[in-house]
Every structure is written in C-alpha cells, then in structure tokens.
Amino acid sequence: MKGHTNNPSVSRSEWTLTEEAFAKFLACLDPDKERAGETYEMLRLKLVKFFDWRGAHFPEECVDETFNRVARKLESGESIRDIATYSHGVARMVLLETLRNPENKSLSLDDLSETGATSPALEETDVRRDCFERCLSDLPADSRLLILDYYKDERKSKIDNRQSLARRLGIPIDALRSRAQRVRNRLEKCISECTQQGL
Amino acid sequence: MATDIHPELVYRYLVSDLPEAEQTALEQEFLSDDEAFERVWEIENEMVDRYARGRLTAHERELFERTYLASPVHRERALMARRLVGAVDSEAETGRVPSRARDSVSSWSGLVASLRRDAWRWAMITAILALTIVSGVLLSETVRLHKQINQLDNERASQLRRTEELENEVGSERDKADKLEAELESLREDSRNAEPSSQSSQGQKEPRPLVSFLLTPMLTRGGSEAQQLPIANGTPAVVLQMTVQEHGDQTFQVEVRTVEGAPVWRKGSIKRHQETKNGLLVSANVPAAKLPPGDYILTLSAAHGGKEPEEINRYFFRVVRQ
C-alpha cells in the first residue's frame, strides 16, 4: 500500500497512509497478524485482477488508492464489518473514476491501426523476445518446469497431465493451478518491467 | 461454488459483454471466494492461450481483439502467452528444450529439479530395494540358523545313541561282574566249607575227606524209610547231590531245615552242575558240622531268567554218625 500514486489516471487522495492506519487496516482483516498479512495479500491480488479485468491500465495503483481510502475511513473512526466487501465497493468507485480519466482510454487493435501505428500492436519485438527468455531463465528451475508442464497443449489429455503433475509434486490439483498462475503472473510482471526498461 | 462458474460467463465478463448486474455478482463471488477467484483467473489464461494458439472462432477473436486487447496490460499478456505457448508447444513437438532459458533446465539445477519432481518415485524404488536387501539378509540368516539347528539336533541324537550304548555296556559289564562276584562268593564259601577244620598239628594239610550222597526225592517219614546219610566224625563237609530234569538255563537254590522247621543251611545261585544221562546233577556242599544226627528236609528250588525261584523237589534224609 502506498501513500500516493504516480499514475495520473487514478484520482489521488490528498490523505497519506500512516503506519498506524495501516496497522488498523490489517487488524480489521484478522486479529492475528500473520493471518492478517495473508488475507491482505489475497485481497490485494483479487482487487488487482478486478481492475485488470475491468480494463484499468494501472491496476496496482488503483488498488493502492482503494486501500488508502479504506484505511482513511478506518482512521476516522468508522467501523467496517466486512472489509473485503467494503473494499470492493470502494474499488468500483475508483474504477469508475479511472475509466472516466482520458489517460485510461482504451484502444482496440483497430483503433491502434487507425492511429497510423507502423506496426501491429501485438508484433513481437526483439526486446520483448529477449525479455521473455531472460525472465523465464531467471525463474527458479522448479517454477520454470512447472509452467512449462502445466500449460502444455495436450487438449484432451490436459486434465490427466495436470493430475499427473499434481501427484508428482504431491499437492492437490487446486494448489497446482494456484501455483502455476502465480508463476505465470510473476513471469508477466518481469517481462513488463524488462520491456519498459528496454532490457 | 467455483466449479459452477461457467467459462462462457467468464469469457463474456472479460470481453465486457455482461450486464452490469451479472458483472457485479461475479465480482462479489470471486472477491469472497478464493476458489472462484482462481477459477476465473484460470479461464482467463485459457482464453488468452487459445487466442495465442489461434483457436478462437472468428467471432470470438473479433470480440476479443476489440474489447480485451484494448487494455495495454492485456496486450502484454497476450504477447507473453504467444511466447509461452510457443515455447511449450515447441518442447512438446521436439521433446527438446527450445531456448536459452530452457537450456539451463538441463543444467545441474534442472537435474536437481527433475530429481525433486521424481522424488516420490526414487523414494519408492529406494524403499523397495531396501526391503529386498533386508528380506534377503533375513532369509539367508534363517537358512543358516536352520542348518545350525539341524546340525545340533544330529549331534545331540548321536550323543544320546552313544550314551545309550555306553549304558548298555555298563549294564552288561555290571551283570557280568555280579555273576562273577556270585560265583566267586560261591567258590569262597565252598572253599571255606571245604577247609579242614583240623589241620595237622605239624601244620600240614591233609586230603579233604568229603562224603557225597545222591538224594532221592519225595521220601517222607510216613511213606518209607528215610534215606540215611552216615557221616563219619571229622568229616568237614557233605556233598548232597540231586538229579533234576533240564529246563534251560537255571539257577538253583538249596535250603536245609530240620524236620521241625528250624533253618540249618541255605545256599542260593548254585550253577555248578553237570549233565548226566538222567538229567542235571546239582551239588551242594554242606558243612558237616551243620548236620548233627537227626532228620532233615532239603528243599530244592530253581529260577529261570532272573524270576523268583520255584520249588522243584523236597528231599527227606537222616544223618547218622559213625
């Protein structure tokens, strides 16, 4: 959670998150600090994906703004019974504000073509290809093997393949899916940062 | 329930094709249910991978590109998916690691990861091998112990046989010793009886003046005259002889009593006898001093094979002095 955002598409509040307010926020999630931390991480991931799926260009910053607003409410003495549901309501407001912002205007591939872009938006670049290979090789070996196995395109035998993989790793199929998605998410973030930095 | 979430619903959500109410309902579900959230995320990845593999229908593809790919975040995701499925499919087709990143999989870390992945299999193999080895050792040890037990049993049986043989030998020797002792005692007694009570005053031995009588059985005082045995004074011993029928190996016993029943002389285990044409001749050397003048009854008994002696005959005689 950040005190403010850098993204101009997100309406920034003037309020700055304090350590005390963040502790209060966590305490609302769970009285146990360790469990509160886990709940926070899960809620954050869900809201990031919420903003992502709804087309926000900077989902992470949208989530920061959402949590800031919730924490501010708590610090003002407001009592929140279900903080997850409350956060969802706040997130919807932040999303609406974000989508109204011209900086968040989405462009389809057709739009991109109409802008006169010289290359299709999904055209692979050398930078992106190198970033992919570097980020994939930077993954721990077991994570790398996991996503290469998990996303095998074996059509009908895909379920069998994943069940077999789960048995080999000694984890339930749901845990395997969760692990594979997080590795994939990590790879995606790495590539995004890599391409922004131009390697 | 996450399994109730239909991929079509999620697909429409991701391409902004759901009414607001259904959108909100789905969002509330995955925000409150972790499994529902994972399921929506999975469907998204599957949809992006289908696009990357060119497996969306024309309509799906048109909608996907117009709505989903309007987000720069999603475009990056689709590009990454294209690289990822390319790498995965290439490996599946060639069976080889296709890129620099995947070459490192075959390095030591890849080997370790592979071993870790197959750890359960190695653990099973190790356990089976260990079990086989332990079973083999136990079987070998059992066979060895069985052999030792059999050997000890044979040795014990052999020792028992040897002990039995020795006991039989000892028993046999003891029987022989007993018989010899009896014969020796008999000879000693005969010798004592035969010794002249009166040696010459000069200490010289004189010939032993024995008298011998062949007794006739079943002579009683009431039936006929008693057989008279005249014994001269100075006679040291009287040899009383009886003829009996032969009945195998027999041991004889002689007992002399007065007619009143008082015991006079007794001798058991008489084996010295000789064969005659009328049967066996049994002899008993009775000290003459034991037979003062008077009437006597001699009872002759015989024993077969160690059994109790049975009476054969009685002899009635009268001793007279000359």
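Residues numbered from 1 in each chain as written. Chains lettered and ligands numbered in written order. Predicted model: local features only at pLDDT ≥ 70, side-chain atom pairs only at ≥ 80, totals over all residues. Heavy atoms only, no water.

### Thoughts on the overall build of chain A
Move 1: Of the regular secondary structure elements, chain A holds nine helices and zero strands.
Move 2: The secondary structure elements of chain A, listed N-terminal to C-terminal, are α-α-α-α-α-α-α-α-α.
Move 3: Residues counted as buried form 48% of the 199 residues belonging to chain A.
Move 4: Considering only contacts within chain A whose residues lie at least 6 apart along the sequence, 64% involve residues at least 24 apart. (Helix = DSSP H or I, 4+ residues; strand = E, 2+ residues; numbered from the N terminus. Buried < 20%, exposed > 50% of the residue type's maximum accessible area, 1.4 Å probe, protein only. Contact = heavy atoms within 4.5 Å.)

### Focus on the sheet that holds strand β2 (residues 227–231) of chain B
All names here are of chain B.
Move 1: Taken together, five strands build an open sheet; the order of strands is β2-β9-β8-β4-β5 and the sheet is mixed. Only two strands of the sheet have a single neighbouring strand rather than two, namely β2 and β5 (263–270). This sheet shows a mean twist of 25° between the axes of neighbouring strands, independent of strand direction.
Move 2: When strand β4 (residues 250–258) meets β5, the two strands line up antiparallel, connected through five bridges. Its bridge partner being in β5, Arg257 is matched across the sheet by Pro263. (Pairing = 2+ DSSP bridges. Axes fitted to C-alpha atoms, helices over the stretch in contact; angles between N-to-C directions.)

### Some details on unusual backbone geometry
All names here are of chain B.
Move 1: Positive phi, normally seen in glycine, also occurs at Ser16, with a value near 55°.
Move 2: Inspection of the secondary structure assignment puts Ser16 in the loop between α1 (7–14) and α2 (20–32).
Move 3: When its relative accessible area of 53% is taken as the criterion, Ser16 is described as exposed.
Move 4: One non-glycine residue with positive phi stands out, namely Ser269, at about 55°.

### Here we look at the nonpolar core
Move 1: If you look at the biggest cluster of nonpolar residues, it comprises 56 residues, and the most contacted ones within it are Phe25(A), Phe51(A), Trp53(A), Tyr13(B), Phe30(B), Phe64(B) and Tyr68(B).
Move 2: In terms of residue count, the dominant contributor to this core is helix α2 (residues 33–53) of chain A (10 residues).
Move 3: Excluding anything up to four places from it in sequence, Tyr68(B) contacts Leu14(B), Val15(B), Glu44(B), Met47(B), Val48(B), Leu63(B), His74(B) and Arg77(B).
Move 4: In terms of nonpolar packing, the next biggest core, distinct from the first, is built from 27 residues, Leu280(B), Val282(B), Leu298(B) and Leu300(B) among them. (Core = buried A, V, L, I, M, F, W, Y, C linked by side-chain atoms within 4.5 Å.)

### Points about the state of the cysteines
Residues and elements named next belong to chain A.
Move 1: Applying the stated criterion across every chain, the model contains two disulfides over all chains.
Move 2: One disulfide in the model links Cys131 with Cys194; its S-S distance is 2.0 Å. Torsion about the S-S bond of the Cys131 and Cys194 cystine: about -75°, corresponding to left-handed handedness. Of this pair, Cys131 sits in helix α6 (residues 126–138) while Cys194 sits in helix α9 (residues 173–197); the two residues are 63 residues apart in sequence, bridging distant segments of the chain. (Disulfide = S-S within 2.5 Å.)

### Notes on the sheet that holds strand β3 (residues 237–244) of chain B
By definition, the strands of a sheet pair up through backbone hydrogen bonds, in either a parallel or an antiparallel sense.
All names here are of chain B.
Move 1: Taken together, the four strands give an open sheet; going across it, the order is β1-β3-β7-β6, and neighbouring strands pair in mixed fashion. The two strands at the open ends of the sheet, each matched to only one other strand, are β1 (211–214) and β6 (273–276). Across the sheet, the mean angle separating the axes of adjacent strands is 25° when strand polarity is ignored.

### Here's the deal with the pairing of β2(B)
All names here are of chain B.
Move 1: Here β2 shows one buried face, formed by Gln227, Leu229 and Ile231, and one open face, formed by Gln228 and Pro230.
Move 2: In terms of strand pairing, β2 meets strand β9 (residues 310–321) through five bridges, oriented parallel. Across the sheet, the residue bridging to Pro230 is Val320, located in β9.

### Quick look at the confidence of the model for chain A
Residue and element names in this part refer to chain A.
Move 1: A residue-level look at chain A finds 80% of positions with pLDDT of 70 or above and a mean pLDDT of 83.
Move 2: The lowest-confidence element of chain A is helix α5 (residues 109–114), averaging 58 in pLDDT; the highest-confidence one is α2, averaging 94.
Move 3: Confidence drops under a pLDDT of 50 for residues 2–6, and excluding neighbours within four residues, the segment shows 14 contacts in the predicted structure.
Move 4: Low pLDDT, under 50, characterises residues 115–120; the stretch is placed with one contact to residues that sit more than four places away or in other chains. (pLDDT = per-residue confidence, 0-100.)

### Examining the layout of surface pockets
Move 1: Reported here for the largest pocket is a volume of approximately 910 Å³.
Move 2: Contributing to the lining of the largest pocket are 28 residues, with Pro59(A), Glu60(A), Lys189(A), Ser192(A) and Val73(B) lying nearest its centre.
Move 3: Within the residue set of the lining of the largest pocket, elements represented by two or more residues are α2, α3 (59–75) and α9 of chain A together with α5 (72–94) of chain B.
Move 4: Residue lining of the second largest pocket: 21 residues in total, with Lys179(B), Gln250(B), Thr251(B), Ser269(B) and Lys271(B) positioned closest to the centre. (1 Å grid on protein atoms, 1.4 Å probe; cavity = no way out; pocket = protein on both sides within 12 Å on 5 of 7 lines; lining within 4 Å. Points joined across faces, edges and corners; volume = space filled by probe spheres on them.)

### Considerations on α3(A)
All names here are of chain A.
Move 1: Compared with the 24 Å implied by 1.5 Å per residue over 17 residues, the 24 Å span of α3 between its first and last C-alpha is a close match.
Move 2: Judged by how many residues are buried, α3 sits mostly within the fold: 12 of 17 residues are covered.
Move 3: Once α3 ends, the next one or two residues include Gly77, with phi positive near 100°. (Expected span 1.5 Å × (residues − 1).)

### Here we look at helix α1 (residues 19–29) of chain A
Since there are 3.6 residues in each turn of an α-helix, residues three or four apart along the chain are aligned in direction.
Residues and elements named next belong to chain A.
Move 1: What α1 keeps buried is the set Ala21, Phe25, Leu26 and Leu29. Considered in projection along α1, the buried side chains sweep an arc of 140° and stay on one side of the axis. For α1, the exposed residues lying more than 90 degrees away from the buried face are Glu19 and Glu20.
Move 2: Those residues of α1 that are buried lie in contact with α2, α3 and α4 (83–100). (Arc of directions from axis to C-beta.)

### Focus: the packing of aromatic side chains
Move 1: Counted under the stated rule, the structure contains 15 aromatic pairs over all chains.
Move 2: Measuring from centroid to centroid gives 5.2 Å for Tyr40(A) and Phe67(A), while their planes differ by 40°, and the two rings are tilted. One end of the pair, Tyr40(A), is in helix α2; the other, Phe67(A), is in helix α3, and 27 residues separate them in sequence. By the burial criterion, Tyr40(A) is buried, and Phe67(A) matches it.
Move 3: Following the ring pairs from residue to residue traces out a cluster consisting of Trp53(A), Tyr13(B), Phe30(B), Phe37(B) and Trp41(B).
Move 4: Note that Arg184(A) overlies the ring of Tyr151(A), its terminal NZ or CZ placed 4.7 Å from the centroid. (Phe/Tyr/Trp six-rings, centres within 6.5 Å; stacked < 30°, edge-to-face > 60°. Lys NZ or Arg CZ within 6 Å of the ring centre and 35° of its normal.)

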